[in-house]
Amino acid sequence: MATKPVLAQPALPLAEIQGDVLIGLKKRAEAFLFFEITDVSRFKQDLKGALLPLVTFSDVLADLERHKAAGGTLPPFLGLNLAFTKAGLGKLADLSGAQGLDASFSAGAAQQADALNDDIGVWDQGYRGNLDGVILITGLTQASTGDQADGVASAIRHSTRIVARETGRVRSRDPGGQDVSGHEHFGFADGISQPGVAGLTPPSPADPTQGLPGQDILSPGLFVLGLPGPDGKPVGAPLPWMTHGSYMVFRKLEQKVLAFERFLKDEDPNSDLLGARLVGRWKSGAPMMKTSTADDPAMGGDPQRNNDFDFQKAPNADPHQKTCPFAAHIRKSYPRDDIPLPNGEEIAESHRILRAGIPFGDEVAATEGIGSEASRGLLFVCYQASIPEGFEFIQQSWCNNPGFVFGRTDSAGNPVDPGHDIVIGQVAGGANRTTTLPEKTLQAPPFVTSKGAAYFFAPSRTALSGVLAA
Ligand code: N7H
């Protein structure tokens, strides 16, 4: 096994990069305003006068993190970020000389829907028409965030039309009164495993290739244009002003919580165990690879222990999916050392994304039943320097692809076809997902459905204040 290189720590231009990209806006609630630009010159004025002064860049968040690490409390803090579709960018700047503009960003999420097995027929209307940009507004409460979003929408009302609006909110207590903060609607802790970023994530003295145990430190150019990529050279920006911007994927993913829970119970009397096997982590976040028979909430909540594992290496090697199915959500979406090629880990790491989503919708009410579930789920957001190599690769080539991971066998040496990721895998026409466990094959209807999607570019401070506002 090749030893991983210790990456140089480049000085990152944090004051240039929008805050949600590398660090993540601090969010207990988040409003998304999706807009169409109706008056370009007026929008440029609004961008400069009303929006830009509110945009939160990464330097501010890095200061907040330092303040928190030193024992300080976070002030009530509202954050705002802004990103544009290809159509929106094209209204504000000349894209004609762009070299190597991201092909999926150019095409747009609706054009890519078929390739990802998204059924655009069930998308909300706002994602099917003209869409030029999105404003992300984050804060401590849904009310304060909503008020702020109303104010922003009003400030740009003469230059835009709001075509869709979403509201996300972290969960706090489930219907049984249990603390579920930081957990998504199926009940699992989210936001645990993120890639480390050279220049930002402090390297561990014990292993400078990692930040927290198990968190490999990767090249910042995987996420932000113009920063060093895996070959050490700056990742090219299609136009000079796109330097220090990042591509953002948005997906509104509806989750059928009751149907998922019913499925787990029908398939296994130990439904918690089956759920953990299909996700790859217990609800607390404790990884199957480290505790395979019961949840361990202390481990789940401990960043020193909750991400420190591989799938093939000792001490917990699982070459025949006895502990964690190959198709478990976290094994499919980040296969770590599972790809049976000499550079398998490098390949897995070249498709990393920075996730920054938030749940939406209320807790399940007693009046709901299977077939009559209210709309709730995840407003999925991720950032990358390439959508085809980032989000789309994970969704299409790994989670939707029953043949991935390839080249693995059961304990008798027979080849295994792992099947779909039952959590987010998508099959054309909404057909059942199929997952191969060692003891049986599962067939499951979709529990997660895409209700809309859009691809954006989150520009740098220089671009927002210069070319795009001029
Ligand atoms: Fe996933 N879930 O609750 O089951 N995800 N995800 N995801 N996801 C992760 O490590 C979930 C979605 C990734 O580094 C955890 O933070 C749900 C999409 C990646 O080991 C849990 C939805 C895509 C990772 C969930 C959803 C991904 C990851 C474990 C939709 C990209 C990190 C907690 C409703 C295509 C893997 C954690 C790693 C982790 C869930 C969506 C990708 C619990 C419910 C669309 C890369």
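Look up a bit, the structure's there.
In what follows, the accompanying structure is described.

Thresholds applied
- The written sequence of each chain sets the order in which its residues are numbered from 1.
- Reporting in this predicted model follows two pLDDT cut-offs: at least 70 for local features of residues, and 80 or more for side-chain atom pairs to be given and counted; totals over whole chains, interfaces and linings ignore these cut-offs and use all residues.
- Side-chain metrics in this entry use all non-hydrogen atoms of the structure; hydrogen atoms and water are not considered.
- Each residue is placed in one exposure class: buried if its accessible area under a 1.4 Å probe, protein chains only, is under 20% of its type's maximum, exposed if it is over 50%, and partly exposed if it falls in between.
- By definition, any uninterrupted DSSP run of H or I lasting at least four residues is a helix, any uninterrupted run of E lasting at least two residues is a strand, and each is numbered from the N terminus.
- Should DSSP find at least two bridges between two strands, the strands are regarded as paired.
- We call a residue near a given molecule or strand whenever any one of its heavy atoms falls within 4 Å of it.
- In the analysis that follows, any N or O atom pair within 3.5 Å is treated as a polar contact, provided that within protein one partner can donate a hydrogen and the other can accept it, and provided that, for residues neighboring in sequence, both atoms belong to side chains.
- Residues are grouped as follows: Ala, Val, Leu, Ile, Met, Phe, Trp, Tyr, Cys and Pro are nonpolar; Asp, Glu, Lys and Arg are charged; every other residue, Gly included, is polar.
- Residues enter a nonpolar core if they are buried and are Ala, Val, Leu, Ile, Met, Phe, Trp, Tyr or Cys, with the set joined through side-chain atoms within 4.5 Å.
- Contacts: residue pairs with any heavy atoms within 4.5 Å of one another.
- Distances up to 2.8 Å from the metal define which N, O and S atoms are donors, and 3.2 Å serves for Na, K and Ca; water is absent from the atom set, so sites may look incomplete.
- Multiplying 1.5 Å by the helix residue count minus one yields the expected span of that helix.
- Arc definition: it is the arc formed by the directions from the helix axis to the C-beta atoms.
- Should a side-chain nitrogen of Lys or Arg be within 4 Å of a carboxyl oxygen of Asp or Glu, the pair is scored as a salt bridge.
- We call a pair of cysteine sulfur atoms a disulfide whenever their separation is within 2.5 Å.
- Here a pair means two rings of Phe, Tyr or Trp (six-membered ring of Trp) with centres within 6.5 Å. Their orientation is stacked below 30 degrees between planes, edge-to-face above 60, and tilted elsewhere.
- Geometrically, a lysine NZ or arginine CZ counts as sitting over a ring once it is within 6 Å of the ring centre and also within 35 degrees of the ring normal.

## Digging into the pairing of strand β3 (residues 133-139)
Piece 1. Taken across its 7 residues, β3 has 7 buried, putting it largely inside the fold.
Piece 2. Burial along β3 is two-sided: the residues G133, I135, I137 and G139 and V134, L136 and T138 are all buried.
Piece 3. Bridge analysis of strand β1 (residues 29-37) against β3 gives 7 bridges, and the strand direction is antiparallel. Bridge assignment links F32 to a residue of β3, and that residue is L136.
Piece 4. Where strand β2 (residues 79-84) and β3 come together, 6 bridges link them in antiparallel fashion. Along β3, the bridge assignment pairs N81 with L136.

## Examining the site of the ligand
Piece 1. Taken together, 27 residues lie near the ligand, and I192, S193, H329, R336 and R355 sit nearest.
Piece 2. Measuring from an oxygen atom of the ligand, one finds a backbone N or O atom of I192 at 2.6 Å.
Piece 3. Of all the secondary-structure elements, those providing two or more residues to the shell around the ligand are β7 (246-255), α11 (329-333), β10 (377-384) and α13 (391-399).
Piece 4. Tallied by class, the residues present in the shell around the ligand amount to 15 nonpolar, 6 polar and 6 charged.

## With respect to the nonpolar core
Where a protein is soluble and globular, its nonpolar side chains tend to be buried together.
Piece 1. Grouped together as the largest cluster of nonpolar side chains are 116 residues, with contacts concentrated most on L22, F34, I135 and L468.
Piece 2. If we skip the residues at most four places from it in the chain, L22 touches L12, L14, I17, V197, L200, F223, V224 and L354.
Piece 3. Counting residues in each nonpolar core, the second largest holds 12 residues, with A276, M288, A328 and I330 among its members.

## Quick look at the coordination of the iron atom of the ligand
Piece 1. The sole protein-derived ligand of the iron atom of the ligand is H329 (NE2), positioned 2.1 Å away.
Piece 2. Examined against the element boundaries, H329 turns out to sit in helix α11.

## Overview of helix α7 (residues 142-155)
Piece 1. Between its first and last C-alpha atoms α7 spans 20 Å; for 14 residues at 1.5 Å apiece the expected length is 20 Å, and the two agree.
Piece 2. Of the residues making up α7, those classed as buried are T145, G146, A149, V152 and A153. Along α7, the residues classed as buried sweep out an arc of 120° about the axis, all on the same side. Facing away from the buried side of α7 by over 90 degrees, the exposed positions are A143 and D147.
Piece 3. In this structure, the buried side of α7 is in contact with β1, α2 (40-51), β2, β3 and β4 (160-169).

## Details of the pattern of salt bridges
Piece 1. Throughout the structure, instances matching the rule amount to 26 salt bridges.
Piece 2. Between K313 and D337 there is a salt bridge; the shortest N-O distance is 3.4 Å. On the criterion of sequence distance, the pair formed by K313 in the loop between α10 (297-300) and α11 and D337 in the loop between α11 and α12 (344-350) is long-range, its members being 24 residues apart.
Piece 3. Assessed through its relative accessible area of 28%, K313 is described here as partly exposed.
Piece 4. Salt bridges sharing partners connect three or more residues here, namely K4, D216, D310, K313, D337 and E345.

## Points about the side chain of K252
Piece 1. Take K252: it is sitting in strand β7.
Piece 2. On the basis of relative accessibility, which here comes to 9%, the residue K252 falls in the buried class.
Piece 3. Of note is the side chain of K252, whose polar atom sits 2.7 Å from the side chain of D124.
Piece 4. Residue contacts for K252: discarding those within four places in its chain leaves D124, Y127, E166, F360, L378, L379, T449, S450, K451 and G452.

## Describing the state of the cysteines
Piece 1. Applying the stated criterion to the full structure yields 0 disulfides.
Piece 2. Residue C382 stays outside any disulfide, its sulfur separated by 11 Å from that of C399, the closest cysteine.
Piece 3. Taking relative accessible area as the criterion, C382 reaches 0% and is therefore assigned buried.
Piece 4. The class of C399 is buried, set by a relative accessible area of 0%.

## Structural notes on helix α3 (residues 58-69)
Piece 1. Its 12 residues place the ends of α3 16 Å apart at the C-alpha level, agreeing with the 16 Å of an ideal helix rising 1.5 Å per residue.
Piece 2. Turning to α3, its buried residues number three or more, namely S58, L61, A62 and L64. Seen from one end, α3 has its buried residues packed into an arc of 160°, which puts them on one side.
Piece 3. Buried-residue contacts for α3 involve α1 (19-22).

## Overview of the environment of A294
Piece 1. Inspection of the secondary structure puts A294 in the loop between α9 (271-279) and α10.
Piece 2. Expressed as a C-alpha distance, the spacing of A294 and L273, which sit 21 residues apart in the sequence, is 7.3 Å.

## Observations regarding the environment of P297
Piece 1. By secondary structure assignment, the location of P297 is in helix α10.
Piece 2. Using a relative accessible area of 56% as the deciding quantity, one classes P297 as exposed.
Piece 3. In this structure the C-alpha to C-alpha distance between P297 and A237, which are 60 residues apart in sequence, comes to 43 Å.

## What about the packing of aromatic side chains?
Piece 1. Evaluation of the coordinates by the stated rule reveals 20 aromatic pairs.
Piece 2. Three or more aromatic residues link up through ring pairs in this structure, and these residues are F32, F34, Y127, F250 and F456.
Piece 3. K252 extends its terminal NZ or CZ atom over the ring of F360, reaching a point 5.4 Å from the ring centre.

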